[in-house]
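Architecture at a glance
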Amino acid sequence: MKIPPDWFDAAQTFVIGLTPGAFGSLVGLAHEKGLSWIERFVQFAAGTIVSWFAARAIGAAVDLNPFVLQGVNFTAGMIAYKATPRFIAAAAEVAGGLPAVLRDRFLPARKDSK
């Protein structure tokens, strides 16, 4: 099976796009102490992915030089890995309270009968 050349180009572009955020995540993780390897991997992956999307969103909203956008991507990678645990905790808290909010919003209030 021969791999089409445009697949290689797409993979190369994808890796190049991830690289600044990945390096930012690695620099941020270098200063963290007491994390297990799985925690490091999860925070590295989250920092890389979040920085990739953040850089694309900023690049779409503001016309920046590609070098400046890579710097933004690097910085977002450094920040994103650190914010991931707090984001997960906040999302879990919101998700846990969502059924009660929906119940109070859409169902009639119950009357206590004594």
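This part is about the overall build of the chain. Per the secondary structure count, the chain includes three helices and zero strands. Reading the helices (α) and strands (β) of the chain from amino to carboxyl end gives α-α-α. Only carbon and sulfur atoms are counted for the fraction: they give 71% of the accessible area of the chain, which is about 8900 Å².

On to the environment of Val-72. For Val-72, the location among the structural elements is in helix H3 (residues 66-106). In this structure, the C-alpha to C-alpha distance between Val-72 and Trp-52, residues 20 residues apart in sequence, is 9.8 Å.

The full count for this structure, using the stated rule, is two aromatic pairs. Measuring from centroid to centroid gives 6.2 Å for Phe-14 and Trp-52, while their planes differ by 65°, and the two rings are edge-to-face. Remark: Trp-52 occurs in helix H2 (residues 37-61) and Phe-14 occurs in helix H1 (residues 5-30); sequence separation between them is 38 residues. Accessibility expressed as a relative area gives 22% for Trp-52, which makes it partly exposed. Aromatic pair Trp-52 and Phe-53: ring centres 4.9 Å apart, planes at 80°, arrangement edge-to-face.

The rules behind each value
Residues numbered from 1 in each chain as written. Predicted model: local features only at pLDDT ≥ 70, side-chain atom pairs only at ≥ 80, totals over all residues. Heavy atoms only, no water. Helix = DSSP H or I, 4+ residues; strand = E, 2+ residues; numbered from the N terminus. Areas by Shrake-Rupley, 256 points an atom, 1.4 Å probe, with all protein chains shown as cover. Phe/Tyr/Trp six-rings, centres within 6.5 Å; stacked < 30°, edge-to-face > 60°. Buried < 20%, exposed > 50% of the residue type's maximum accessible area, 1.4 Å probe, protein only.

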